[in-house]
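Residues per chain, in single letters:
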Amino acid sequence: MESLLHLMEDEKILRAERLDVLRRVGQSAKNPAYVVGGFVRDLLLRKPVSDFDIVSEGDAIAFARSLAKQYGGQVTAHANFGTAKWFLNENSFVDFITARSEIYTHNAALPTVKFASLSEDILRRDFTINTLAIRLDGNHFGEVRDDINGQADIKKGIVRVLHSNSFLDDPTRIYRAVRYEQRYGFKIDVETAELIPEAIRLIEKLSAQRIRHELDLILDEPNAHLMIARLADLNLLKSIHPALSNEFASISILNQKIINFADLQIAIDNLNDIGVSMPRRDFLWLLWLMPLSADSLKSLNTRLSFTANLMKLLLSGSELLKKANQLSGLSPSKCVQFLDTFHLESVAIVYLLNQDAQIKNKLYTYLHSWRHIKANITGVDLKARGVPAGPKYNEILWKIRAAWLDGIVNDKTQEANLLMELLEIKL
Ligand code: CTP
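Residues numbered from 1 in each chain as written. Predicted model: local features only at pLDDT ≥ 70, side-chain atom pairs only at ≥ 80, totals over all residues. Heavy atoms only, no water.

(A) Region of the structure containing the domain arrangement of the protein. For the protein, the assigned domains read domain 1 (5-156), domain 2 (224-334 + 344-372) and domain 3 (379-426). Here domain 2 and domain 3 have C-alpha centroids that lie 36 Å from each other. Contact between domain 2 and domain 3 buries roughly 410 Å² in total, counting both sides, with carbon and sulfur atoms accounting for 52%. Its largest share of buried area at the contact with domain 3, domain 2 owes to Pro 332, Ser 333 and Trp 370, together 85% of the area lost on that side. Our count for the domain 2 to domain 3 interface comes out at zero salt bridges. Inspection of the region where domain 2 meets domain 3 yields two residue pairs in polar contact (both at pLDDT 80 or more). Here the side of domain 2 that touches domain 3 is composed, by residue class, of two nonpolar, two polar and one charged. (Domains from an automatic or database assignment. Buried area = accessible area lost by both parts, 1.4 Å probe. Salt bridge = Lys/Arg side-chain N within 4 Å of Asp/Glu carboxyl O. Polar contact = N/O pair within 3.5 Å; in protein donor to acceptor, adjacent residues only side chain to side chain. Nonpolar A, V, L, I, M, F, W, Y, C, P; charged D, E, K, R; others polar.)

Pasting the structure below:
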């Protein structure tokens, strides 16, 4: 029996403390137990691995609980699915699955689950590259199970379904195929690719949550731009919603090229340094979809159910992208008055995408400094001077802020003089 222990013991691939966790799982197992799927695939590709999906040919929940009893930690479980999560500490967990088969009674619906052997569990999986298992129990530690020759496809770099109904059963697998293909520089097998057009009609049956989850996972990948381009080639974007037309996708990919995808993290870090922070995933959604009109975004939102916050930023960014050229020729205070009506994150993305040097400079100055420039005096000072409550407060404070921004006021004495002037006029 072939063993992959030499790869598991390579610390560049698997950290020693994580290997220890697998050893403990193996030593405590009373039934055959395997680490399966992505772990074995990435191990064979010599990519760093740390997440474990353990399949047990016995009750996985009881197994996880016995490990927690022996080694500590907490267990959460889903009795209906026979799955458990063993949290060793805050940052480290292991997933347990009772070996199962899945029966798809309707295309694109969630399957009915039945407990089974590892052989059947392997057959329910999406692609051959995800069907490998490494046995952990007893003397078998490290032995490979490769029932359907997944290792050969990993070596050849081929993404291949196990049977011709795979995409009909679960159309999210089409998106997964593209993700694996572009992540590893693999190729979707010709016969597998031929199954895609027939399954496209079922994409509309997927819930917003399931389809958005697939897109979220794609945007989380370093090669997200290649994946989006490939999805467009395969007509897998416009099948989600007509707003994601192929033409739009390529315009949008162009946007991403403008800021250079490889430097994306640097762009995110630079924005962070000037106080604009957002999760990378939201950043990518904005970069991708902000060029859409407000109407298209609202319609797309009915299909993808974006979070309220993301939707707010998308609409704000879409509007600013259309209007940013109005900044040209405006004084600093007028720029601030205009930009203050948009969300900061949206302004930041428009700054990255804009190619007009003068406008880009204004957006940068706004993000970096103008937005922080405020009057020194506050409402408290105005109250102390007897200004009656009302809209006058904002008006006076804004006039002083504008004077600072436009260089009319440059120190506190000048600010105090301006205040006197304004109070005499106003009162
Ligand atoms: N799986 C499947 N069909 C799906 C989703 C998952 O058959 N629609 C199976 C695959 O065999 C996969 C396993 O469930 O290996 C676990 O899924 P997931 O955690 O999403 O995949 P990983 O292999 O861990 O891949 P990734 O590196 O993308 O996380």
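Next comes the rest of the description.
(B) The sheet that holds strand β4 (residues 83-89), seen in detail. Pairing is mixed in the open sheet, where seven strands are placed in the order β3-β4-β5-β2-β1-β8-β9. Each having just a single partner strand, β3 (74-78) and β9 (144-145) make up the two edges of the open sheet. Pairing of strand β2 (residues 53-56) with strand β5 (residues 92-98) involves four bridges; the strand directions are parallel. Paired with Asp 53 across the strands is Asp 95, a residue of β5. Along the sheet, helix α2 (residues 16-28) makes contact with β1 (33-36), β2, β4 and β5, crossing β5 at roughly 35 degrees. (Pairing = 2+ DSSP bridges. Helix = DSSP H or I, 4+ residues; strand = E, 2+ residues; numbered from the N terminus. Contact = heavy atoms within 4.5 Å. Axes fitted to C-alpha atoms, helices over the stretch in contact; angles between N-to-C directions.)

(C) How the structure looks around helix α8 (residues 172-184). Here α8 is 13 residues long and its end C-alpha atoms lie 19 Å apart, about the 18 Å a rise of 1.5 Å per residue gives. With eleven of 13 residues buried, α8 lies mostly within the body of the structure. Within α8, burial applies to Thr 172, Arg 173, Ile 174, Tyr 175, Ala 177, Val 178, Arg 179, Tyr 180, Glu 181, Gln 182 and Tyr 184. Phi turns positive one or two residues past the end of α8, at Gly 185, with a value near 65 degrees. (Expected span 1.5 Å × (residues − 1). Buried < 20%, exposed > 50% of the residue type's maximum accessible area, 1.4 Å probe, protein only.)

(D) Summary view of the pattern of salt bridges. With the rule as written, the count across this model stands at 24 salt bridges. With its nearest N and O atoms 2.8 Å apart, the salt bridge here joins Asp 121 to Arg 125. For Arg 125, a relative accessible area of 15% puts it in the buried group. Arg 176 serves as the salt-bridge partner of Asp 126, at 2.8 Å between the closest nitrogen and oxygen. Taken as a pair, Asp 126 in the loop between α5 (118-123) and β8 (133-135) and Arg 176 in helix α8 lie far apart in primary sequence, 50 residues in all.

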